[in-house]
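Spelled out from the first residue to the last, the chains are:
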Amino acid sequence: MEILIKQDLLIANEEKANDLRARLKQHNICMLNLIGSPGAGKTSLLEKTFSILRQRYRMAVIEGDVETDEDAKRLAPYQVPIAMVNTHGACHLESVSVEKALNAFDLKKLDLIFVENIGNLVCPAEFDVGENFKIAVLSVCEGDDKVIKYPLLFREASIVVLNKIDLLPYLNFNRARFYADLKKINPKVKILEVSCTTGEGVDAWCQMLLSSHPINVIVTSVQ
Ligand SMILES: Nc1nc2c(ncn2[C@@H]2O[C@H](COP(=O)(O)OP(=O)(O)OP(=O)(O)O)[C@@H](O)[C@H]2O)c(=O)[nH]1
Ligand SMILES: [Mg+2]
């Protein structure tokens, strides 16, 4: 057997992601890739963000899910353009499906695009989808050991949003350990504690996105 073409899928994904980043840059758009376990609070964070920032930023969301339009329906009331991607089994988004989603938007009318990746703490971190920054969303319910057990995402993330802090009194989540592990593998990471239920910390998250163009804000805050 003679193999004429052997293409590394990860390389092909990366090349496409670089093209997407360049295209977004032409439009001065920042794209943030939200990654976290099922139920960590990615959609809840988007709900809060859209309700606070939609008058100030022209935002859109690429809503990734294995099946259903449940999350897209939750975000519909905020009147932000939504492109839904159902992977029908795949545990992460790839740049080729993000490209199709981007084609659904009028990029001239956007400043900020969120990608809600498939609920999964492992695979989405391996695939560049053309984002400017990866944002890890972890809820305190998942435990303080997740940084060392699933290091890739926490190493790659520019920001870690620690969600559900309203539940801390009922859990044995060790904040000091979580911070120490995170700083060890990613010294520049910015950590934001929030509760999407009580709203605590959500202003700080929005303020960070607001202070100027998100690309500048995040780059500054992680240096
Ligand atoms: N107590 C508490 N519950 C929260 C908080 N944020 C989200 N939840 C709840 O956690 C559940 C999961 O939240 P989602 O926002 O759907 O999580 P997700 O990360 O989008 O989940 P997938 O899309 O399935 O990966 C929902 O019932 C939320 O109401 C929080 O800060 N505190
Ligand atoms: Mg969701």
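Here, every reference points to the structure presented above.
Rules used throughout
- Residues numbered from 1 in each chain as written.
- Chains lettered and ligands numbered in written order.
- Predicted model: local features only at pLDDT ≥ 70, side-chain atom pairs only at ≥ 80, totals over all residues.
- Heavy atoms only, no water.
- Donors = N, O, S within 2.8 Å, 3.2 Å for Na, K, Ca; no water.
- Helix = DSSP H or I, 4+ residues; strand = E, 2+ residues; numbered from the N terminus.
- Buried < 20%, exposed > 50% of the residue type's maximum accessible area, 1.4 Å probe, protein only.
- 1 Å grid on protein atoms, 1.4 Å probe; cavity = no way out; pocket = protein on both sides within 12 Å on 5 of 7 lines; lining within 4 Å.
- Points joined across faces, edges and corners; volume = space filled by probe spheres on them.
- Nonpolar A, V, L, I, M, F, W, Y, C, P; charged D, E, K, R; others polar.
- Contact = heavy atoms within 4.5 Å.
- Arc of directions from axis to C-beta.
- Polar contact = N/O pair within 3.5 Å; in protein donor to acceptor, adjacent residues only side chain to side chain.
- Near = heavy atom within 4 Å.
- Core = buried A, V, L, I, M, F, W, Y, C linked by side-chain atoms within 4.5 Å.

At the metal site, the magnesium ion (ligand 2) is ligated by Thr43 (OG1), Asp71 (OD) and Glu116 (OE), and these contacts range over 2.0 to 2.1 Å. Counting along the primary sequence, the residues that act as donors to the magnesium ion (ligand 2) give the motif T-x27-D-x44-E. With a gap of 73 residues between them, Thr43 in helix α2 (residues 42-53) and Glu116 in strand β4 (residues 112-116) connect regions that are remote in the sequence. Residue Thr43 shares its accessibility class with Glu116, and that shared class is buried.

Looking now at the layout of surface pockets. To find leftover empty space, a probe the size of one water molecule is rolled over the atoms. In this model, the largest pocket occupies a volume close to 220 Å³. What lines the largest pocket is a set of 16 residues, and nearest its centre among them are Pro38, Gly39, Lys42, Asp71 and Glu116. A per-class count over the lining of the largest pocket returns four nonpolar, seven polar and five charged. Here the second largest pocket defines a volume of roughly 160 Å³. As for the second largest pocket, its lining consists of 13 residues, and the residues nearest its centre are Arg58, Met59, Gln79, Val80 and Pro81. Residue composition of the lining of the second largest pocket, grouped by class: eight nonpolar, one polar and four charged.

To continue, consider the side chain of Ser195. Among the secondary structure elements, Ser195 is positioned in the loop between β7 (190-193) and α8 (202-210). Ser195 sits in the buried class, given a relative accessible area of 0%. Those residues within four positions of Ser195 in sequence are excluded, and the remaining contacts are Asn163, Lys164, Ile165, Asp166, Glu200 and Val202.

On to helix α4 (residues 95-103), then. Listed as buried for α4 are Ser95, Ser97, Val98, Ala101 and Leu102. End-on view of α4: buried residues confined to an arc of 160 degrees, all on one side of the axis. Residues of α4 that are buried sit in contact with α1 (9-26), β1 (30-35), β2 (59-65), β3 (82-86) and β4.

Relative to the helices and strands, Glu156 is located in helix α6 (residues 151-156). Note on Glu156: relative accessible area 40%, which makes it partly exposed. As a C-alpha pair, Glu156 and Ala125 span 31 residues in sequence and 7.4 Å in three-dimensional space. If near-sequence neighbours (up to four positions away) are discounted, Glu156 is found in contact with Ala125 and Lys134. Polar contacts involving the side chain of Glu156 include one to the side chain of Lys134, which spans 3.4 Å.

In the vicinity of ligand 1, 19 residues are found, and the nearest of them are Lys42, Thr43, Ser44, Arg74 and Cys196. Between ligand 1 and Glu116, the relevant distance is 3.0 Å, taken from an oxygen atom to a side-chain nitrogen or oxygen of the residue. A distance of 2.8 Å separates an oxygen atom of ligand 1 from a polar atom in the backbone of Cys196. Put simply, the parts of the chain that give the shell around ligand 1 at least two residues each are α2 and α3 (70-75).

On to the nonpolar core, then. If you look at the biggest cluster of nonpolar residues, it comprises 30 residues, and the most contacted ones within it are Leu32, Phe50, Met59, Phe114, Val161, Trp205 and Leu209. Every element with two or more residues in this core is listed here: β1, α2, β2, β4, β5 (133-139), β6 (159-163) and α8. By residue number, the principal contributor to this core is α8, which donates six residues. Here Met59 is in contact with Thr49, Phe50, Leu53, Arg54, Val80, Pro81, Leu110, Leu112 and Phe114, once residues within four sequence places are set aside.

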